[in-house]
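Below, each chain spelled out in residue letters.
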Amino acid sequence: MQTQLPESLLATDRGQRAQTILRSCVHCGFCNATCPTYQLFGDELDGPRGRIYQIKSFLETGEATLRINTHLDRCLTCRSCETTCPSGVAYGELLEIARESLPDDRVWWRRLLIWGLKAVVPRRQLLRPVAALGNLMKPLLPGSLAQKVPPMRVADPLRLGTHPRKVIVLQGCVQSVSTPEVNTHLARLLDARGIEVLDVRAETCCGSLALHLGDEPAAIGAMVGNVRALAGYLDSVEAVISTASGCGVTVQDYGRHLAGTAEAAEAESVAKKTLDVATFLAQSGLRFNRSREEKRIAWHTPCTLQHGQRSRGVVEGLLRAAGYELTPVADPHLCCGSAGTYSILQPDTAQALRDRKLDSLEGGNPELIATANIGCQLHLASAAGVPVVHWLQLLK
Ligand code: SF4
Ligand code: SF4
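Residues numbered from 1 in each chain as written. Chains lettered and ligands numbered in written order. Predicted model: local features only at pLDDT ≥ 70, side-chain atom pairs only at ≥ 80, totals over all residues. Heavy atoms only, no water.

**A closer look at the sheet that holds strand S5 (residues 296-299)**
Backbone hydrogen bonds are what pair the strands of a sheet, in a parallel or an antiparallel way.
Step number 1: Read from one edge to the other, the open sheet built from 4 strands follows the order S6-S5-S7-S8, with strand pairing classed as parallel. Edge positions in the sheet fall to strand S6 (325-326) and strand S8 (388-390), since each of these pairs with one other strand and no more.
Step number 2: With 3 bridges connecting them, strand S7 (residues 368-371) and S8 associate as parallel partners. Bridge pairing in S8 places Thr371 opposite His390. (Pairing = 2+ DSSP bridges. Helix = DSSP H or I, 4+ residues; strand = E, 2+ residues; numbered from the N terminus.)

**Section: the nonpolar core**
Step number 1: One finds Leu190, Ile241, Leu281, Trp391 and Leu395 to be the most contacted residues of the largest nonpolar core, which totals 32 residues.
Step number 2: Among the elements of the structure, strand S1 (165-169), helix H12 (181-192), helix H18 (277-284), S5, helix H20 (314-321) and S7 are those that each provide at least two residues to this core.
Step number 3: Each of domain 2 (108-286) and domain 3 (287-394) gives at least three residues to this core.
Step number 4: Residues Met1, Leu59, Ile68 and Ala90 belong to the second largest nonpolar core, which totals 26 residues. (Core = buried A, V, L, I, M, F, W, Y, C linked by side-chain atoms within 4.5 Å. Buried < 20%, exposed > 50% of the residue type's maximum accessible area, 1.4 Å probe, protein only. Domains from an automatic or database assignment.)

**Comments concerning the pattern of salt bridges**
Step number 1: Under the defined criterion, the tally for this structure stands at 19 salt bridges.
Step number 2: Where Glu216 meets Arg14, a salt bridge forms, and the shortest distance between an N and an O atom there is 2.9 Å. Of the two residues, Glu216 sits in helix H14 (residues 216-231) while Arg14 sits in helix H2 (residues 13-24), which places them 202 residues apart along the sequence.
Step number 3: With relative accessibility at 26%, the residue Glu216 sits in the partly exposed group.
Step number 4: Exposure remark for Arg14: the relative accessible area of 30% places this residue in the partly exposed category. (Salt bridge = Lys/Arg side-chain N within 4 Å of Asp/Glu carboxyl O.)

**Here's the deal with the packing of H14 against helix H17 (residues 264-273)**
Step number 1: Following both chains from N to C, one finds H14 and H17 inclined at 75°, their axes separated by 9 Å at the closest point. With respect to their mutual orientation, H14 and H17 come out roughly perpendicular. Only Glu266, Ala267 and Val270 of H17 make contact with H14, whose side of the interface consists of Val227, Leu230 and Ala231.
Step number 2: Tallied by class, the residues present in the contact of H14 with H17 amount to 5 nonpolar, no polar and 1 charged. (Axes fitted to C-alpha atoms, helices over the stretch in contact; angles between N-to-C directions. Parallel < 35°, antiparallel > 145°, perpendicular 65-115°, else oblique. Contact = heavy atoms within 4.5 Å. Nonpolar A, V, L, I, M, F, W, Y, C, P; charged D, E, K, R; others polar.)

**Observations concerning the site of ligand 2**
Step number 1: Neighbouring residues of ligand 2: 13 residues in total, closest Cys35, Arg51, Cys75, Cys78 and Cys81.
Step number 2: Split by residue class, the shell around ligand 2 holds 8 nonpolar, 3 polar and 2 charged. (Near = heavy atom within 4 Å.)

**Considering the site of ligand 1**
Step number 1: Close contacts around ligand 1 come from 13 residues, with Cys25, Cys28, Gly29, Cys31 and Cys85 the closest.
Step number 2: Here the shell around ligand 1 is composed, by residue class, of 9 nonpolar, 3 polar and 1 charged.

**A look at the side chain of His71**
Step number 1: Note on placement: His71 falls in helix H5 (residues 66-73).
Step number 2: Judged by its relative accessible area of 6%, His71 is buried.
Step number 3: Excluding its chain neighbours within four sequence positions, the residues that come into contact with His71 are Asp43, Leu45, Asp46, Arg51 and Gln54.

**A closer look at the pairing of S5**
Step number 1: Bridging between S5 and S6 involves 2 bridges; their strand directions are parallel. Considered in S6, the bridge of Arg296 is made with Glu325.

**Brief notes about the environment of Leu213**
Step number 1: Within the secondary structure, Leu213 sits in the loop between helix H13 (208-212) and H14.
Step number 2: Along the primary structure Leu213 and Arg23 are separated by 190 residues, whereas in three dimensions their C-alpha atoms are 25 Å apart.

**A few points about the sheet that holds strand S4 (residues 274-276)**
Step number 1: Reading across the sheet, the 4 strands line up as S2-S1-S3-S4 and stay open at both edges, with parallel pairing between neighbours. A strand with exactly one partner marks an edge of an open sheet, and here the two such strands are strand S2 (195-198) and S4. Looking at each pair of strands side by side, their axes are set apart by 40° on average, direction ignored.
Step number 2: Note that strand S3 (residues 240-242) and S4 share 3 bridges and pair parallel. Among the inter-strand pairings, Val240 is bridged to a residue of S4, identified as Thr274.

**Some remarks on the packing of aromatic side chains**
Step number 1: All chains considered together, the criterion is met by 0 aromatic pairs.
Step number 2: Positioned above the aromatic ring of Phe41, the side-chain terminus of Arg74 is 4.6 Å from the ring centre.
Step number 3: A cation over an aromatic ring shows up here: Arg290 above the ring of Tyr324, its NZ or CZ 6.0 Å from the ring centre. (Phe/Tyr/Trp six-rings, centres within 6.5 Å; stacked < 30°, edge-to-face > 60°. Lys NZ or Arg CZ within 6 Å of the ring centre and 35° of its normal.)

**Some thoughts on the environment of Val224**
Step number 1: Take Val224: it is sitting in helix H14.
Step number 2: Overall, Val224 belongs to the buried group, its relative accessible area being 12%.
Step number 3: Taking C-alpha positions, Val224 is 34 Å from Gln4, a pair spaced 220 residues apart along the chain.
Step number 4: Val224 has contacts with Leu258 and Glu263, leaving out every residue within four places of it along the chain.

**Observations concerning the domain arrangement of the chain**
Step number 1: Here the chain is described as being made up of domain 1 (7-101), domain 2 (108-286) and domain 3 (287-394).
Step number 2: Taken together, the contacts link 8 residues of domain 1 with 8 residues of domain 2.
Step number 3: Summed over the three residues of domain 1 that lose the most area to domain 2, namely Glu96, Arg99 and Glu100, the buried surface amounts to 59% of that side.
Step number 4: Counting every contact that joins domain 1 to domain 2 gives 3 salt bridges.
Step number 5: Across the pair Arg256 and Glu93 runs a salt bridge, and its minimum N-O distance is 3.6 Å.
Step number 6: Across the contact surface, domain 1 and domain 2 share 3 residue pairs in polar contact (both at pLDDT 80 or more).
Step number 7: Sort the elements by how many residues they give to the side of domain 1 that touches domain 2 and helix H7 (residues 91-101) lands first, with 4 residues. (Buried area = accessible area lost by both parts, 1.4 Å probe. Polar contact = N/O pair within 3.5 Å; in protein donor to acceptor, adjacent residues only side chain to side chain.)

Pasting the structure below:
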């Protein structure tokens, strides 16, 4: 694709990167075939190729219309288009550049909602009381709003041993409030196999929420905080483990995000040491068994695992080795509609994608649905006919 970006933009690293990405697109349109929003709306402007054109036009002219924000806001950032693209177009990175540069001309209530999400969700100390209040008021809320209130649970206290082999398990934000039992279950599994989980209290939200909402300073602030919290432990641990694939994909990209900052080298080290829990368990060769009566599982691969981390088949291998039967699932590459805060900001589209995904997942009559990201888990559970769990909870 030919570009004519202004000299002022080309004088920046961001402008150079945008030009490289734009020029790598050959307009073939293969990506549209696997884009969930293109499939849903049937509009070129709601597919990756059309969004790339709109970003190009905005970066060349500086003219942003409400229309561009509307079509970019409808993008799930699922990155299915990146998996499909034969030219390796880094669509997600281009979208980040656009979101950081676009003026915010959304209506006031939408801006307020985004501000509220950025203020509350990444802060566990705030999210906990807000979730507790939301759960108390749930019976009084309209159904669609009640569905958005995350459950709140407190994990059982852990009494585990110390071991020479050590790892860090990222706590994150929403998962630590809504399903803290996932990480405590992992800590017990690892403890029983001679691996200790270190408690790094200063670690917080990975920054992905702010990043997807176009707030780069807040995202960078969260990333720097985490790098400082984790860097001192890197020599004493085998890995920094992520049990929420949405957090893992962001932390694995800290090196790029913090390039050129004072924390660049440490960020690169944190990123290199961060593994999805499935990768860590598969590489370490640990053995597991089934932990429940249910045997037939429908596996939902989060986009952040399959398109972001490019990890495919690893969880499936571990579940099969533990004795589970995986039921067939049609169109596994498609997003379930959760996509971070998307299910709150684009509820109708998110619901349509969720219902379509549940049809695929439940088509093989599973006893449970398993996934690897807290957002997908809560979103699917809001309408699923069978329980939706984190896949780790199926191991013992
Ligand atoms: S598949 Fe890749 S090269 Fe083709 S239009 Fe989409 S982004 Fe561009
Ligand atoms: S990230 Fe997902 S929703 Fe957005 S353009 Fe790519 S495939 Fe479509």
